Amino acid sequence: MRHLRDGRTGLLGLRRAVTRDARIDVVEAAERASALALDFIQNSGWIAGAADQIVCDTIGVELKLNSRAQLAGFGYSEDQSSAWCRLVEAAWLKWAWNPSECDLAGEMTIAEMSDAVLRSDLAYGEAFGVLDHLDDRQRRRYGVRSGLKVSLVAPHRCPRTTREFEGLEAGIFRDENRRPLTYRFRAREGGLELDRDIAARDVIHVMDRGRHLNAGRGISPLAPALRVAAQSDQLTDSTLAVALMQQAFAAVITSPEATEQAFQAIQTLDETEVPRGYTGDEWSALVSGVKADLVEVWSQRFDALKKGSISLTDPARIAHLGPGESLEMVTATAPTNNYDAFQKNLHRELARCLGVTFESFTGDHSNSTYSSVRMSVASIWPVVLRRRQRVVVPFLQPVFEAWLEESIHEGRIPFKGGYRAFLRDPEAVFQAEFQGPEKPSADPYKDAMASKLLMELGLSSHADEAIARGKNPQELLVAIEREIKTMEAKGIPIPFGRTQGGAGPLGAAAEGLREPAAAA
C-alpha cells in the first residue's frame, strides 16, 4: 500500500504531470486560455448566458457604498458620524453615475466599469484600471469638477514579457521583495504600438491571488472547463448532423427484372460465334433486334415512370409503378440516443466551474424541488460573495479612496480639522462596505420568517438581515423613522414591529382563570 499505486490499466502512469511554480504554468497557458475563453463567451450561448448570470448575481445593478468611517478619533459624535457617512454616500453616488466625472473617456459609469472588471476576470483571470488626474485647465475644458478619472485597460495590453535581469516579470517591474514598481502597457498611438510604463500606485490590478500561489498574473477561471465547452459544442454539432441526415431520405425502386444480368447477356451476344444455320448478316440482324427490343422495353418503362410522376414532395400526387416494382424509403439511423444525459453532465461540469447553479446555467427547472433549489443556492452563494469580495470590491475600494481623499482635500466634502486632520488616520475614514443584491430565494416568506426567528433569538441583528438583503442598514433605519413620523402625523397604522395579535403583552394571552367553570 502506497500513494499513487496505479491499477492494471496504468491510467495514472499515462497522465503527464509535473510540479513547478504556478507563475510558469500561468504564463505558458494564459494567452491561449484567454483567447479560447473570449471565443466561448462571444460565441457560445451557454457561456454568454452564464457570464450574464454571474454579473447579475455578483453585482446586480451596482454595488452600493455603505460608508463605515470610524470618526470618533476626529471629534465626531455618533450622530455626526452617521450624518457624515450619509453625505459621503450621496456624493459618491452622484460622482459614480456621471461618466463625465468618473471616466477618463467620459463614457462609462463606475457600475459599468464594475461589470467590465468582472467580465474581464472571467476571460483573462484579471483586470486593470488606471487612475488619472486632470488639472484645472483640463477640467474647465470638459466642464467637470473632480480631477480623478478612471480608465480600464484590457489585460492583453499588458504583454506577459519576462526579462529577469531587468526585473521585468510578466509585464510588471518588481523590486527585490516582489512588490510592483511599474506596469508596462502597450498603447496604440497614431497607428503605432508603443510601450508605456505606469507607476504601480496609479494602477489597480485586480485578480484572485488565491487561485495560483505567487503567480503575478491571472489566468481565466474558465481554463479547467474549456475542453468541456468544446466537447459540448462538438456533441451539439454532431447530434445536429445526425438529425439532418435522418431527415434526408433516398427512394429506391425495386424491379423484378435482373437488369444487370440481362445487359451482360446482350454484351456477350456480340462476342459469341455465329451459330450453325445462321449467316453472319442474319445473326447480326437478330442480335440488333434483341437489343432494340430490350431498349424499347426499358424506354417504355422510363416513359411510364415519367408520366406516372413519382413525387416525394407533392402529397396529392399518386405514384404509378410498373408491374412487380416496389418503392422503398431509406433513411440514416443512429444506434443510440444518449444526447440529453451526456449534455446535462457536461453542463453540470461547466456550471460547477463557473460558480453558478445548474438550473441558472441551463434554465431547466423541470426536475427541481424546493429543497434542491435551496440547497443549490446555499452552496453557490458563498462563491458569489467570495467573487464579489475578491474581484469587484478590490477595484471599487481604491477608486473610492482616491475620490474621497481628493474630495476632502479640495473641500467638496467637509471634514473636521481639514485635510491635515484626515491624513492622521486615513484608513479609519476609508472604512466602507460595498453591498450587492440579496441572496436569491425560492420562498421569500419562509426566509422572512427565518430572519424574524433569528433576531428574536438574538442570533442575528437588524443590520445583518438588512445587509443580507442588499440594503444599507443605516439608510433603512432613517427611512423607517421618517415613515413612522409621517404615519403618526396622518393617523395611519404603523406596520413596523412585532405583530400584536392577543390581549396580553406582545400578543400573549390575557391573564385569567385557567380552571374550567364549575357546573351549576
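Structure shown above.
Computed from a predicted structure; not experimentally measured. (Residues numbered from 1 in each chain as written. Predicted model: local features only at pLDDT ≥ 70, side-chain atom pairs only at ≥ 80, totals over all residues. Heavy atoms only, no water.)

A short note on the overall build of the protein
Reasoning step 1: Looking only at helices and strands, one finds 18 helices and 11 strands in the protein.
Reasoning step 2: Of all intrachain contacts in the protein linking residues separated by at least 6 positions in sequence, the fraction that spans at least 24 positions is 64%.
Reasoning step 3: Only carbon and sulfur atoms are counted for the fraction: they give 55% of the accessible area of the protein, which is about 32,700 Å². (Helix = DSSP H or I, 4+ residues; strand = E, 2+ residues; numbered from the N terminus. Contact = heavy atoms within 4.5 Å. Areas by Shrake-Rupley, 256 points an atom, 1.4 Å probe, with all protein chains shown as cover.)

Comments concerning the sheet that holds strand β8 (residues 203-206)
Reasoning step 1: The 3 strands are arranged β3-β2-β8 in an open sheet whose pairing can be described as antiparallel. Each edge of the open sheet is held by one strand with a lone partner, namely β3 (148-153) and β8. If you compare each strand with its neighbour and ignore which way they point, the axes differ by 20° on average.
Reasoning step 2: Bridge analysis of strand β2 (residues 127-133) against β8 gives 4 bridges, and the strand direction is antiparallel. Counterpart to Phe128 in the pairing with β8 is His205.
Reasoning step 3: Contacting β2, β3 and β8, helix α6 (residues 110-124) crosses the sheet at an angle of about 30° to β3. (Pairing = 2+ DSSP bridges. Axes fitted to C-alpha atoms, helices over the stretch in contact; angles between N-to-C directions.)

Quick look at the pattern of salt bridges
Reasoning step 1: For the structure shown, the criterion picks out 24 salt bridges.
Reasoning step 2: Between Glu126 and Arg217 there is a salt bridge, with the nearest N and O atoms lying 2.8 Å from each other. Note that Glu126 is positioned in the loop between α6 and β2 and Arg217 in the loop between β8 and α8 (226-247), a separation of 91 residues in sequence. Both residues of the pair, Glu126 and Arg217, belong to the buried class. (Salt bridge = Lys/Arg side-chain N within 4 Å of Asp/Glu carboxyl O. Buried < 20%, exposed > 50% of the residue type's maximum accessible area, 1.4 Å probe, protein only.)

Focus on helix α3 (residues 45-58)
Reasoning step 1: The end-to-end C-alpha distance of α3 is 20 Å, a good match for the 20 Å that 14 residues give at a rise of 1.5 Å each.
Reasoning step 2: Within α3 the residues assigned to the buried category are Ile47, Ala50, Ala51, Ile54, Val55, Asp57 and Thr58. Buried positions in α3, seen along its axis, are confined to an arc of 165° and lie on one side of it.
Reasoning step 3: If you follow the buried residues of α3, they end up packed against α2 (22-43), α6, α11 (339-354), α12 (358-362) and α13 (370-409). (Expected span 1.5 Å × (residues − 1). Arc of directions from axis to C-beta.)

Overview of the sheet that holds strand β4 (residues 168-169)
Reasoning step 1: With respect to topology, 4 strands assemble into an open sheet ordered β4-β5-β6-β7, the strand pairing being antiparallel. Looking at which strands have only one partner, the edges of the open sheet turn out to be β4 and β7 (192-199).
Reasoning step 2: Where strand β5 (residues 172-174) and strand β6 (residues 180-189) come together, 3 bridges link them in antiparallel fashion. Note on β6: the bridge partner recorded for Phe173 is Thr182.

Considering the side chain of Ser232
Reasoning step 1: If you trace the backbone, Ser232 turns up in helix α8.
Reasoning step 2: A polar atom in the side chain of Ser232 sits 2.9 Å from the side chain of Gln343.
Reasoning step 3: With residues near it in sequence (within four places) discarded, Ser232 still touches Gln343, Leu346 and His347. (Polar contact = N/O pair within 3.5 Å; in protein donor to acceptor, adjacent residues only side chain to side chain.)

As for the side chain of Arg387
Reasoning step 1: Considering the arrangement of structural elements, one finds Arg387 in helix α13.
Reasoning step 2: Within the buried set, Arg387 has no salt-bridge partner at all; the shortest N-O distance to an opposite charge, 5.8 Å, is to Asp121.
Reasoning step 3: Once you skip the residues sitting within four places of it in the chain, Arg387 turns out to touch Ile54, Thr58, Leu118, Leu354, Gly355 and Val392. (Lys, Arg positive; Asp, Glu negative; His and termini not counted.)

Remarks on the environment of Gly216
Reasoning step 1: Within the secondary structure, Gly216 is located in the loop between β8 and α8.
Reasoning step 2: Those residues in contact with Gly216 that sit more than four places away from it in its chain are Glu169, Ile172, Arg174, His205 and Met207.

A closer look at the packing of aromatic side chains
Reasoning step 1: Taken as a whole and judged by the stated rule, the model has 17 aromatic pairs.
Reasoning step 2: Relative to Tyr183, the ring of Phe128 has its centre 5.9 Å away and its plane inclined at 75°; by these criteria the two rings are edge-to-face. Here Tyr183 lies in strand β6 and Phe128 lies in strand β2, a separation of 55 residues in the sequence.
Reasoning step 3: A centroid spacing of 5.8 Å and a plane angle of 25° characterise the contact between Tyr419 and Phe422, whose relative ring orientation is stacked. Pair noted here: Tyr419 and Phe422 are both in helix α14 (residues 418-422), with a separation of 3 residues, about one helical turn.
Reasoning step 4: Residue classification places Tyr419 among the partly exposed positions, given a relative accessible area of 23%.
Reasoning step 5: We classify Phe422 as buried; its relative accessible area is 0%.
Reasoning step 6: One aromatic cluster is present, formed by Phe74, Tyr76, Trp84, Phe415, Tyr419, Phe422 and Phe430 through successive ring pairs.
Reasoning step 7: Between Arg348 and the ring centre of Phe358, over which it is positioned, the NZ or CZ distance is 4.8 Å.
Reasoning step 8: The ring of Tyr76 is capped by Lys416, whose NZ or CZ atom sits 4.9 Å from the centre of that ring. (Phe/Tyr/Trp six-rings, centres within 6.5 Å; stacked < 30°, edge-to-face > 60°. Lys NZ or Arg CZ within 6 Å of the ring centre and 35° of its normal.)

Let's talk about unusual backbone geometry
Reasoning step 1: Within the chain, Ala170 stands out as a residue other than glycine whose phi angle is a positive 55°.
Reasoning step 2: Looking at the secondary structure, you find Ala170 in the loop between β4 and β5.
Reasoning step 3: With a phi angle near 65°, Arg178 is a residue other than glycine that sits in the positive phi range.
Reasoning step 4: Summarising the element assignment, Arg178 is placed in the loop between β5 and β6.
Reasoning step 5: Residue class for Arg178 comes out partly exposed when judged on its relative accessible area of 34%.

Comments concerning the packing of α2 against α6
Reasoning step 1: Remark: α2 packs on α6, axes separated minimally by 7 Å, with the N-to-C direction vectors making an angle of 120°. Comparing the axis directions of α2 and α6 gives the class oblique. Judged by residue contacts, Ser34, Ala37, Leu38 and Ile41 of α2 engage Leu122, Ala123 and Tyr124 from α6.
Reasoning step 2: Its residues assigned to classes, the contact of α2 with α6 comprises 6 nonpolar, 1 polar and no charged. (Parallel < 35°, antiparallel > 145°, perpendicular 65-115°, else oblique. Nonpolar A, V, L, I, M, F, W, Y, C, P; charged D, E, K, R; others polar.)

So yeah, pure geometry; function would need other evidence.
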